[in-house]
Amino acid sequence: MLDQTFETPKPKVIAGAKHDWELVIGMEVHAQVASNAKLFSGASTQFGNEPNSNVAFVDAAMPGMLPVINEFCVEQAVRTGLGLKADINLWSAFDRKNYFYPDLPQGYQISQLYHPIVGEGEVIVDMGPGVARRVRIERIHMEQDAGKSIHDMDPNMSFVDLNRTGVCLMEIVSRPDIRGPEEAAAYIAKLRQIMRYLGTCDGNMQNGNLRADVNVSICLPGAYEKFMETGDFGHLGTRCEIKNMNSMRFIQQAIEVEARRQIQIVEAGGTVDQETRLYDPDKGETRSMRSKEEAHDYRYFPDPDLLPLEIEQDWVDNIAANLPELPDEKKARFVGDFGLSEYDASVLTAEVESADFFEAVAKDRDGKLAANWVINELFGRLKKDDHDITDSPVSPEQLGGIIELITKGDISGKIAKDLFEIVYTEGGNPAEIVEARGMKQVTDTVAIEAAVDQIIADNPAQVEKAKANPKLVGWFVGQVMKATGGKANPKAVNETVSAKLGI
Amino acid sequence: MSIDTATAAKVAKLARIKVEEDALPALAQEFNTILGFIEQLNEVDVEGVDPMTSVTPQRLKRRVDEVTDGSQQDKVLKNARDAREGFFVVPKVVE
């Protein structure tokens, strides 16, 4: 069983003119399912295609067209639910959410209001070693994405592309358990990480495949605890929903800006209106989306085109049995099995590809040394070249080879860095390179002694000084290292110099 | 439940159906007749009866995750009042 003991982080406090205020945040995250085809049609989900080329007549809402559900999307929603340790509902159903907008040709979005496929779960959001926030998940439901409107191609007209219309989204709804902008970003990052491990959503925020609506309210210190005890939202302030954000940085900025706006209103004796707002990163402010308010009456009703979605427990169990190791488990295992610090384990498990790479390097080798090399040398070098771990020029076998040479004492740490650079830029087998280029560390005492004798013989004045000031031993070691091209074992050199000088 | 003319006007607006002011009372009356019938159905005792979603035992039909449709931009745009560069073109809507 996973050790889930951690401290709860302190909520973010913003000082108003009159009081200190705390933040209460809940999020609705829309994650695009990584499927080939759409939720209810056979059109492609491929990003960046010609406008209106990924469109079946179902997506364009042509008369008489009927939706047929993509079973893979259902499976991904279930997988995501299981990854968030949530209840899976064997019986769920689709509803129509009615509103008019040019990028929604049906005039309604097919969603799951009354009977979502996934119920309550949780996400552990790490906020530093031993500190984490448990964020409860209220539900996950499947729904259709809308199309895309482009407003800057003509002064008077909007251009509509339906390629995204009908793509399957998972809407992941949290409880108001998030207590600050950093936690909000960390929550999204954790969801993204889990879904990337599961392979259910690629987490590409730039393409809009992961985006969030953020509900923000403020309260006086102590009020949140009362809310948690009683479940009574009356203890919290009125919330505003900031719509559709797809950048971690903007999410944090928007929350801070919105909280300060609410504090100002309340401290001036006003009241916050519950409304939908939009964050403008250029102006650094949120503004009201009045148009959304009017249309808020969605007149949901069960979609008569779709039977309820019934899935079998066996099918769910089979998905559960085939879940990959998830980030929390993997991190705990890296700490336990390889003796890594929690920090290093977090870095290595951030992306599943990094974790796999590290494991291949560390297998049957020194885990801590492997972690150091992957994190400090490899990640640093990849970053410099703007490479991903997936296109690393150094393979796990090559890096493992370098580490073996260090462990065996064949090369020094310094030479190892040179060797790494050679392997990185030129490729090749590390052991063979060391052999061919004479990079092997000299541990042979005779050779070291000869080098030390030579330096001592050449520098009688320094020898005298060193006898008076033992710190000068370092100078001799340096000279010997230089003379041997850095290949001498520094420890052996140090001992020999000290012995020869008699200090 | 009773529908007044204001509610009828709101429903018409949400449905984007233009209804002249003088037609609203008749519309509201029609709504009330329909709702009256529904209310009559409420008299039936359905305690413990699962809602029936199909007259024959059926399972929701599924499709496999394969791209089988699309690549028909011309057909999709054929009935559009205005289309340019592969897009539908509509009067400006900005948030």
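No experiment lies behind these values; they were computed from the predicted model shown. (Residues numbered from 1 in each chain as written. Chains lettered and ligands numbered in written order. Predicted model: local features only at pLDDT ≥ 70, side-chain atom pairs only at ≥ 80, totals over all residues. Heavy atoms only, no water.)

Next up on the list: the overall build of chain A. The helix and strand inventory of chain A stands at 17 helices and 17 strands. In terms of overall dimensions, chain A is more spread out than a globule: its C-alpha atoms have a radius of gyration of 30 Å, far above the 23 Å expected for 503 residues. For chain A, long-range pairs separated by at least 24 residues make up 70% of all intrachain contacts whose partners lie at least 6 apart in sequence. When the 53 basic and 79 acidic side-chain charges of chain A are each reduced to a single mean position, those positions are 6 Å apart. (Helix = DSSP H or I, 4+ residues; strand = E, 2+ residues; numbered from the N terminus. Rg over C-alpha atoms; globule rule 2.2 N^0.38 Å. Contact = heavy atoms within 4.5 Å. Lys, Arg positive; Asp, Glu negative; His and termini not counted. Charge placed at Lys NZ, Arg CZ, Asp CG, Glu CD.)

All names here are of chain A. With respect to the secondary-structure elements, alanine 268 resides in the loop between α4 (248–267) and β14 (276–280). Of the residues examined, alanine 268 reaches a relative accessible area of 67% and is grouped as exposed. Put simply, alanine 268 and alanine 17 are 251 residues apart on the chain and 9.5 Å apart in space, counted from C-alpha to C-alpha. (Buried < 20%, exposed > 50% of the residue type's maximum accessible area, 1.4 Å probe, protein only.)

Bring the parts together and some accessible area is lost; that lost area is often taken as the interface size. Chain A puts 51 residues into the contact, and the matching count from chain B is 39 residues. Interface of chain A and chain B: buried area, both sides summed, is about 4100 Å²; carbon and sulfur atoms make up 57% of it. Looking at the side of chain A facing chain B, the largest losses of area belong to Phe100, Phe159 and Leu307 of chain A, adding up to 14% of the total buried there. Between chain A and chain B we count 4 salt bridges in total. The interface formed by chain A and chain B contains 24 residue pairs in polar contact (both at pLDDT 80 or more). Sorting the residues of the side of chain A that touches chain B by element identifies β3 (69–70), α1 (71–83), β10 (157–161), α5 (290–294) and β17 (309–310) of chain A as the ones contributing at least two each. Residues of the side of chain A that touches chain B, tallied by class, amount to 29 nonpolar, 12 polar and 10 charged. In terms of strand pairing, β10 of chain A meets strand β3 (residues 87–91) of chain B through 4 bridges, oriented antiparallel. Bridging across to β3 of chain B, serine 158 of chain A finds its partner in valine 90 of chain B. (Buried area = accessible area lost by both parts, 1.4 Å probe. Salt bridge = Lys/Arg side-chain N within 4 Å of Asp/Glu carboxyl O. Polar contact = N/O pair within 3.5 Å; in protein donor to acceptor, adjacent residues only side chain to side chain. Nonpolar A, V, L, I, M, F, W, Y, C, P; charged D, E, K, R; others polar. Pairing = 2+ DSSP bridges.)

This paragraph deals with the environment of asparagine 459 of chain A. Relative to the assigned elements, asparagine 459 of chain A resides in the loop between α14 (445–458) and α15 (460–468). Looking at asparagine 459 of chain A, the relative accessible area reads 22%, which means it is partly exposed.

It is worth spelling out the packing of aromatic side chains at this point. Any pair of aromatic rings gets described here by the distance separating the centres and the angle formed by the planes. All names here are of chain A. All chains considered together, the criterion is met by 13 aromatic pairs over all chains. Aromatic side chains phenylalanine 250 and tyrosine 279 sit 6.2 Å apart centroid to centroid with 55 degrees between the ring planes, which places their arrangement in the tilted category. In this pair, phenylalanine 250 sits in helix α4 while tyrosine 279 sits in strand β14, placing the two residues 29 residues apart along the sequence. The class for tyrosine 279 is buried, based on a relative accessible area of 12%. Ring geometry for tyrosine 298 and tyrosine 300: centres 6.2 Å apart, planes at 75 degrees, overall edge-to-face. Here tyrosine 298 falls in the buried class, since its relative accessible area comes to 14%. (Phe/Tyr/Trp six-rings, centres within 6.5 Å; stacked < 30°, edge-to-face > 60°.)

Once that is clear, we can look at the environment of isoleucine 25 of chain A. Residues and elements named next belong to chain A. Tracing the sequence through the fold places isoleucine 25 in strand β2 (residues 20–32). What makes isoleucine 25 buried here is its relative accessible area of 0%. With residues up to four places along the chain from it excluded, the contact list for isoleucine 25 reads Arg175, Pro176, Asp177, Ile178, Arg179, Gly180, Pro181, Val214, Asn215 and Ile255.

Attention now goes to a nonpolar patch on the surface. A cluster of nonpolar residues, Ile34, Phe37, Ile38 and Leu41 of chain B, forms a patch on the protein surface that exposes about 390 Å² of accessible area. Looking at the secondary structure, you find phenylalanine 37 of chain B in helix α2 (residues 24–41). (Patch = residues over 30% accessible without salt bridge, like charges linked within 9 Å, V, L, I, M, F, W, Y side chains within 5 Å. Areas by Shrake-Rupley, 256 points an atom, 1.4 Å probe, with all protein chains shown as cover.)

On to the nonpolar core, then. Residue and element names in this part refer to chain A. Formed by 102 residues in total, the largest nonpolar core has its most connected members in Met27, Tyr187, Phe358, Leu399 and Ile402. The element best represented in this core is helix α2 (residues 181–198), accounting for 9 residues. Among residues more than four places away in sequence, those in contact with tyrosine 187 are Met27, Val29, Val123, Val125, Val135, Ile137, Ile172, Ser174 and Ile178. Counting 17 residues, the second largest nonpolar core, distinct from the first, contains Ile456, Val463, Phe476 and Val493. (Core = buried A, V, L, I, M, F, W, Y, C linked by side-chain atoms within 4.5 Å.)

All names here are of chain A. Between its first and last C-alpha atoms α14 spans 20 Å; for 14 residues at 1.5 Å apiece the expected length is 20 Å, and the two agree. Every buried residue of α14 is listed here: Ile448, Ala451, Val452, Ile455 and Ile456. Angularly, the buried residues of α14 cover 135 degrees about the axis, an arc narrow enough to put them on a single face. In α14, the exposed positions that point more than 90 degrees away from the buried face belong to Val446, Ala457 and Asp458. Where α14 is buried, its residues contact α15, α16 (473–483) and α17 (490–501). (Expected span 1.5 Å × (residues − 1). Arc of directions from axis to C-beta.)

All names here are of chain A. With a phi close to 50 degrees, lysine 85 is a non-glycine residue in the positive phi region. We classify lysine 85 as partly exposed; its relative accessible area is 42%. You will see that aspartate 364, though not glycine, has its phi angle at about 60 degrees, which is positive. Residue position: aspartate 364 is located in the loop between α9 (352–362) and α10 (367–384). You can call aspartate 364 exposed: its relative accessible area is 75%.

Moving on: the side chain of asparagine 209 of chain A. Residue and element names in this part refer to chain A. Assignment of secondary structure puts asparagine 209 in the loop between α2 and β12 (210–219). By relative accessible area, asparagine 209 is classed as buried at 8%. A polar contact is formed between the side chain of asparagine 209 and the side chain of aspartate 202, at a distance of 3.2 Å. Those residues in contact with asparagine 209 that lie beyond four places of it in its chain are His30, Ala31, Gln32, Cys201, Asp202 and Asn204.

Moving on: the domain arrangement of chain A. Looking at chain A, the domain boundaries give domain 1 (5–293), domain 2 (325–436) and domain 3 (445–501). On a C-alpha basis, the centres of domain 2 of chain A and domain 3 of chain A stand 33 Å from each other. (Domains from an automatic or database assignment.)

The next subject is the packing of α16 of chain A against α17 of chain A. Residue and element names in this part refer to chain A. Look at α16 against α17: their axes get within 9 Å of each other, and the N-to-C directions meet at 125 degrees. The angle between the axes of α16 and α17 places the two elements in the oblique class. Crossing hand, α16 versus α17: right-handed. Within the contact between the two elements, α16 uses Val473, Phe476, Val477, Val480 and Met481 and α17 uses Pro490, Val493, Asn494, Val497, Ser498 and Leu501. Looking at side-chain class alone, the contact of α16 with α17 contains 9 nonpolar, 2 polar and no charged residues. (Axes fitted to C-alpha atoms, helices over the stretch in contact; angles between N-to-C directions. Parallel < 35°, antiparallel > 145°, perpendicular 65-115°, else oblique. Left-handed = near helix turned anticlockwise from the far one by under 90°.)

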